[in-house]
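Observations on the three-dimensional arrangement
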Amino acid sequence: MIIEWAHFQRNKPAQSKRRTKVFISEPDPTIRQRFGRLFGVLELNSLQPTHLRFLHALIEELERAYYPHVAPHGPAQPIAAHLEATLRTINNRFLKLAESHHVPLENGDFSFLIGALKERDLVFTHYGDTHAFLLHRDEGRAPKLIDIIAASEKDGKHDDRFFSSLLEGQLGQHDGLLVATEALVDYLSLPQLQDILVASSARESVEQLERLLEDAPEHLTFPLLVVSLAPDTARERSSSASVTKLLNTERATEQILSPSVGHDIRQFVSAGMLRIRSLISRKSRPKEETLTLPKAVPIASTQEYAKRLHTIGTLLLRGTRVLGRLLLQLFITIVVLFFRGCRWVVIMLMAMRGRQGDRGAQNATQWSLDDWKSWLRHLPGKSRFALIGGVVILIIFGGSLLVIGIQRSQARAEVAFQAMVKSIEEKKAQVEMSLIYSDDARAKQSLQELNSLLATLPTNRAARRSKKQELEASVAGLRARINKNALLDAPERVIDLAAFAPRDRTLDLKAFVLQDNNLYVYGDDPLLFKVNLENQQAISFEVPKTNVGKLTTAIAATRGTILLVDDQNRLIELNPEQRTLKPLDIIFGGDGAVIRAGAFYNDRLYLVDAKNQQIYRHQKVPTGYGKGTPWLKESVNLTDAQDLIIDASLWVLFSDGSITNLAQGKRKAFAIETIDPALTRATRISTTFESRFITLLDPTGRRVVVLRKSDGKLAMQYTSPAFENLKDLFVDEAKKVMYVMSGTTVYKIPLQHL
């Protein structure tokens, strides 16, 4: 793989107040092979000379932290993990470094992109007005210029912290990378950039861009860096391919042959190499140069060596295989003839002795063994030793052939295993590339193919089991990225209400309602909790529940009151401040109503009646709520309705996790995309008029699922081992937090999808 680097920066201190710096590190080749190259584009809005020294000092700190003084031993660490460790180190020094150079770091004054590239592995972090354009050349498709940073932030996620996150992936073998600031994007159009990058190498692209930017206004600064990748096809077709094939053949030979035979063949191959080298050198070098120092061998000669050595190695290997088969057939033939001869001798001896009938047949084996022992004892010493030695040699030879066959079988199995591992690694690269391009459909398809390949990987050895576990762990990480799974190992606990309940009470909490920054938590028990979210304190009190049955539904109504519905279809108004329950009048729209869910919107109460398959709207009256009027204008099966939320349209959640969107009494087109794992049950739904998302509570999957309203696609999944018994949730998008109740504990979750 050939990597070509080129960069350009225009600084005009007299006309511009911006200072820019482009750097490409040049470490020792041994260290570069393990850690790749560190690169970056930095821009600072300042006129102070000391600020330019700050950029140089920052680059020195980065290189000092990223590259070790001496190349370490052992397996190489992934560059993503290594760069992340470097940035953690730099984060501790960055502010002190800026303070020592009197550099202001207000938003908009500082922009940078810092990354590392090792072969095709790319990882970088960015801040401010920087752009990273990927020129992707896919087989059978037109080249495509993609802004990687914009693609990663298209859902609106942004972080204003320095060195806060990493983007990583793999470049294709024909891809290119352009790193620049906002000024270049504003001055040149994306089609112009794409045409320049497609038609030229990295150096030629920078030269063309430099010519185009000569006429730009004097106050503009242009730091840019271009990287182009291309396979070294000439080398792969010539010496590299042949030598690699030869070495593979030699390794296979060492695995198949016994040590002594392998040693002889290697000596023969080495002698052949020296002989061929001497012949070619004698033929190509003039006589007058024979006493001078040897010159470098031309590439054509190296190719010829490789071809001839490969031919010799192939012939030797084939000859060994043919000889092995012939010897094996000879051994089998000798053994068969030997036992047939023994059988014939036994029969003849039995006939001579007159052993006939059943008794003779029963004692034939014992007689033949005794007779053979006697015969061996009477043989001359040399003949006896020769016979025994021949039998031993035949056994050893047969065992050697058996061992060779086993080794060959193991070698073939290892080659097949490595080929499968290579296919899995290539498929992983396809998944990561699809994630970079935000092509979720293609990423999921590639992930299914990857799982199929992984399932067929053999595990009959400890090393193969370990390799499969390693691949499964990396695939699990890809699956989490595709499924947008945010794993919360230790979510922030707001409060555990079990500590505020009397000791003789077993809490069975059901849900909560948020009003005035207070959570009011209730259940089947007459105990009610008021949780202040600011100071994270709670108080418990009992509300008398005379003539109140088992509570089934809670609805946040007018300010300071909560509406409750019990299993006897009685409507009760709870005043948490006064700690009172007040029965309210209500006339249901149908007979024998079974209320599944309800919502309060615009001084109207909407109730889902599963018995009458209708959503009734109740107008507020002085003593409660009037008779419900049917709101649905078309048939909707509400038997399994679980929850209801209103944001100018109605969203009804069903027990199988499906959602029906209704407007003006009729269905609206809405479907949830396939989620992994599949959404089979949900109990709560949450949204607001201003929100772009719908949030669902899935107790079975121990997760909170966030969907986009526009298309029903997955935005995020929040999972945690602490979500053992999910009861309710409330989303506060203004503060970018979510409150989740699991059992008797309330957790506070930062929203990562906003």
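Report on the accompanying structure. (Residues numbered from 1 in each chain as written. Predicted model: local features only at pLDDT ≥ 70, side-chain atom pairs only at ≥ 80, totals over all residues. Heavy atoms only, no water.)

1. Topic: the overall build of the protein
The helix and strand tally for the protein stands at 16 helices and 36 strands. Expressed as a percentage of its 754 residues, the buried residues of the protein come to 42%. Put simply, of all contacts in the protein between residues at least 6 apart along the chain, 60% involve residues at least 24 apart. Carbon and sulfur atoms make up 53% of the accessible area of the protein, which totals about 41500 Å². (Helix = DSSP H or I, 4+ residues; strand = E, 2+ residues; numbered from the N terminus. Buried < 20%, exposed > 50% of the residue type's maximum accessible area, 1.4 Å probe, protein only. Contact = heavy atoms within 4.5 Å. Areas by Shrake-Rupley, 256 points an atom, 1.4 Å probe, with all protein chains shown as cover.)

2. Quick word on the nonpolar core
Counting 29 residues, the largest nonpolar core has L38, L42, F54, L58, L62, Y66 and F110 as the members making the most contacts within it. Secondary-structure elements contributing two or more residues to this core are α1 (29-35), β3 (37-45), α2 (49-66), α3 (79-100), β4 (110-118) and β5 (121-127). Among the elements that take part in this core, α3 stands out by supplying eight residues, more than any other. L58 has contacts with L42, I90, F94, L97 and F110, leaving out every residue within four places of it along the chain. (Core = buried A, V, L, I, M, F, W, Y, C linked by side-chain atoms within 4.5 Å.)

3. A few points about the packing of helix α15 (residues 440-455) against helix α16 (residues 462-482)
Between α15 and α16, the shortest axis-to-axis distance is 11 Å and the interhelical angle comes to 160 degrees. Classified by the interaxial angle, the pair formed by α15 and α16 is roughly antiparallel. The interaxial crossing formed by α15 with α16 has left-handed handedness. Of the residues in α16, those in contact with A443, K444, L447, L450, N451, L454 and A455 of α15 are K468, L471, E472, V475, L478, R479 and I482. Residues belonging to the contact of α15 with α16 are distributed by class as follows: nine nonpolar, one polar and four charged. (Axes fitted to C-alpha atoms, helices over the stretch in contact; angles between N-to-C directions. Parallel < 35°, antiparallel > 145°, perpendicular 65-115°, else oblique. Left-handed = near helix turned anticlockwise from the far one by under 90°. Nonpolar A, V, L, I, M, F, W, Y, C, P; charged D, E, K, R; others polar.)

4. Quick notes on a negative patch on the surface
A contiguous patch of negative charge on the surface is contributed by E204, E207, E210, E214 and D215. In this fold, D215 is placed in the loop between α7 (202-212) and β10 (224-230). (Patch = residues over 30% accessible without salt bridge, like charges linked within 9 Å, V, L, I, M, F, W, Y side chains within 5 Å. Salt bridge = Lys/Arg side-chain N within 4 Å of Asp/Glu carboxyl O. Lys, Arg positive; Asp, Glu negative; His and termini not counted. Charge placed at Lys NZ, Arg CZ, Asp CG, Glu CD.)

5. A closer look at the sheet that holds strand β35 (residues 737-742)
A sheet is described by the order of its strands in space; here four strands give the open sequence β12-β36-β35-β34, paired in antiparallel fashion. Each end of this open sheet is capped by a strand with a single partner; those strands are β12 (492-496) and β34 (726-732). Taking the axes of each pair of neighbouring strands and ignoring which way they run, one obtains an average angle of 20 degrees across the sheet. Pairing of β35 with strand β36 (residues 745-750), which is carried by six bridges, proceeds in the antiparallel orientation. Paired with M741 across the two strands is V746, which belongs to β36. (Pairing = 2+ DSSP bridges.)

6. Some details on α3
Between its first and last C-alpha, α3 extends 30 Å over 22 residues, near the 32 Å set by a 1.5 Å rise per residue. When we look at burial in α3, the residues that qualify are I79, A80, H82, L83, T86, L87, I90, F94, L97 and A98. Just downstream of α3 lies H102, where phi reads positive at about 55 degrees. (Expected span 1.5 Å × (residues − 1).)

7. Side note on the environment of D508
Structurally, D508 is set in the loop between β12 and β13 (509-515). It is 5.8 Å that separates the C-alpha atoms of D508 and G523, two residues lying 15 residues apart in sequence.

8. Considerations on the sheet that holds strand β2 (residues 18-24)
As summarised here, the arrangement of the five strands in space is β2-β3-β4-β5-β8, forming an open sheet in which the pairing is antiparallel. Edge positions in the sheet fall to β2 and β8 (167-170), since each of these pairs with one other strand and no more. When strand polarity is set aside, the average angle formed by the axes of neighbouring strands in this sheet is 10 degrees. As paired elements, β2 and β3 share seven bridges and run antiparallel to each other. Of the residues in β3, the one forming a bridge with T20 is E43. This element, α3, spans β3, β4, β5 and β8 of the sheet and lies at about 25 degrees to β5.

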